[in-house]
Amino acid sequence: MQILISNSSKEAIYIQIKNQIKEKVLSGELVEGDALPSMRQLAMDLHISVITTKRAYEELEKEGFIYSIVGKGSYIAEQNADVIREKKLTTIEEKLVEVIANSKEVGLSLQDIKDWITILYGER
Amino acid sequence: MEHAIELRNVHKSFGSFSITDLSLKVKKGFVTGFIGGNGAGKSTLIKMMMNLLQPDSGEIRVLGMNYKENEKKIKERIGFVFNDATLYKELDLSDMKKLIAPCYRQWDDRLFHQYCDRFELPLRNKIKSFSDGMKMKVSLAFALSHHADLLIMDEPTANLDPIFRREFMQLLHEVMLNEEKTILLSTHIMSDLSSLADYITFMQKGQIVFSKELHEIEEKYAIVRGKVELLDGDTEQYFLSITRTDSGFEALTSDYKAVQALFGNEVIIEKASLEEIMYYSRGGKADASIN
């Protein structure tokens, strides 16, 4: 499992780890039952403190992405279909907001965007 | 046993220096970074943890035991690394090892030789020919070769070049793969801590200013810059220390969220480094809680 962290990012390192693991789950790169590296192994590999990886894992567990077995390790949990749908909808909304902002910048009207989407949607 | 080291109501004074009613817990299974300026009392505290100094009063427990009854047991399980290692200068490393190894029941000769290889330490050269960095490596090799559960290090990286310093940090990460191990390390080099320490204990003038999880410090402390006009009797209370110049003020807060809510976009708020926290706390208060 590859995780890339940035020390200069405004985002705390544990959040970066959390988000990257989440993305891997949502994209299907990690699936139910996959084992995560141990907190201590990951801390060593990323040159960060154990408590940072511990926090990332604890939050992932709270949000239902992973589960841990004492003495064994942490694994990807079964994902609830509704939860995944909800998350995808959020992503779509974010992208649409971006599309609208960009469209306004170049002076496209709502009708222009609708027409364009209709064409693209029909093609797929 | 949740704590590797526990100090309770410790008092110690000599000359003009004194530690009064100090209590501290070092969590087992984690790395605690021990910071503070020169003369803050870090080394005195470390010496008491090692029973090289005895407190005037108070209780010290290490690995769940006290020194009165279990001195030998405790010391066998501690690896001690300090920047001014006491080594016999006329001996070579191999003879030095013959002196030290019998002190530990769990001495691991194979491991010791592995470290000597890894650190490129010559076994047959007299120790007086070693550089400061090499002496530190010797000290480290001895500390790591008897499967100690607790590593206590007093400014271990001070004499190390940047390349070996990195290797040293890597080595400590390897030690921490085992959740039974605990490291307490004092240092002036803050970058060492952000990549390794789980807890930070800050000492000043014989007192513990704070002992906190690294994240708590990162989330609560911040450097704030803004126009001097924003400061008045009320707003100043949010800061631990304020520097005013003609071009504005710079201040440290330990309540990031409150400052953000109060000033919004009128000020610049940045993460405070450990250096900045130490520098701005030198005047006195370091943990203002605003109610």
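The structure under discussion appears in the preceding block.
Right, let's walk through the structure included here. (Residues numbered from 1 in each chain as written. Chains lettered and ligands numbered in written order. Predicted model: local features only at pLDDT ≥ 70, side-chain atom pairs only at ≥ 80, totals over all residues. Heavy atoms only, no water.)

1. Overview of the nonpolar core
Side chains of a nonpolar character, in soluble globular proteins, are inclined to be buried together. All names here are of chain B. Going by this rule: We call a set of buried Ala, Val, Leu, Ile, Met, Phe, Trp, Tyr and Cys residues a nonpolar core when their side-chain atoms join them within 4.5 Å. Note on exposure labels: buried denotes an accessible area under 20% of the residue type's maximum, exposed denotes more than 50%, and partly exposed covers the range between, all computed with a 1.4 Å probe on protein chains only. Here a helix means four or more residues in a row that DSSP labels H or I, a strand means two or more in a row labelled E, and each is numbered from the N terminus. Here, residues are in contact when the closest pair of their heavy atoms is within 4.5 Å.
F142, L151, F168, I183 and I200 are the most contacted members of the largest nonpolar core, which totals 55 residues. It is helix α5 (residues 132–144) that provides the largest number of residues to this core, a total of seven residues. With residues up to four places along the chain from it excluded, the contact list for F142 reads L87, L93, M96, K97, I100, W107 and F112. Among the nonpolar cores identified, the runner-up in size contains 27 residues, and M50, I60, L63 and I152 belong to it.

2. Overview of the pattern of salt bridges
Residues and elements named next belong to chain B. This is how it is decided: Should a side-chain nitrogen of Lys or Arg be within 4 Å of a carboxyl oxygen of Asp or Glu, the pair is scored as a salt bridge.
The final tally for this structure, using the stated rule, is 28 salt bridges over all chains. Two residues, D149 and K181, come together in a salt bridge whose shortest N-O distance is 3.9 Å. Of this pair, D149 sits in the loop between α5 and β7 (150–154) while K181 sits in the loop between α6 (162–175) and β8 (182–186), and the two are 32 residues apart along the sequence. Each member of the pair D149 and K181 is classed as buried. One salt bridge in this structure joins E250 and R225, with 2.6 Å as the shortest N-O distance.

3. Brief notes about the pairing of strand β3 (residues 31–35) of chain B
Residue and element names in this part refer to chain B. Using the following cut-off: Between any two strands, at least two bridges found by DSSP are needed for them to pair.
Burial analysis of β3 places five of its five residues in the buried class, the great majority of the element. Here β3 shows two buried faces, one formed by V31, G33 and I35 and the other by T32 and F34. Taken together, the four bridges between β3 and β8 define a ladder with parallel strand orientation. Paired with G33 across the strands is L185, a residue of β8. Across four bridges, β3 lies against strand β9 (residues 199–204) in parallel orientation. Looking at β9, one finds that G33 is bridged to I200.

Everything listed here is a matter of geometry and, on its own, says nothing about what the molecule does.
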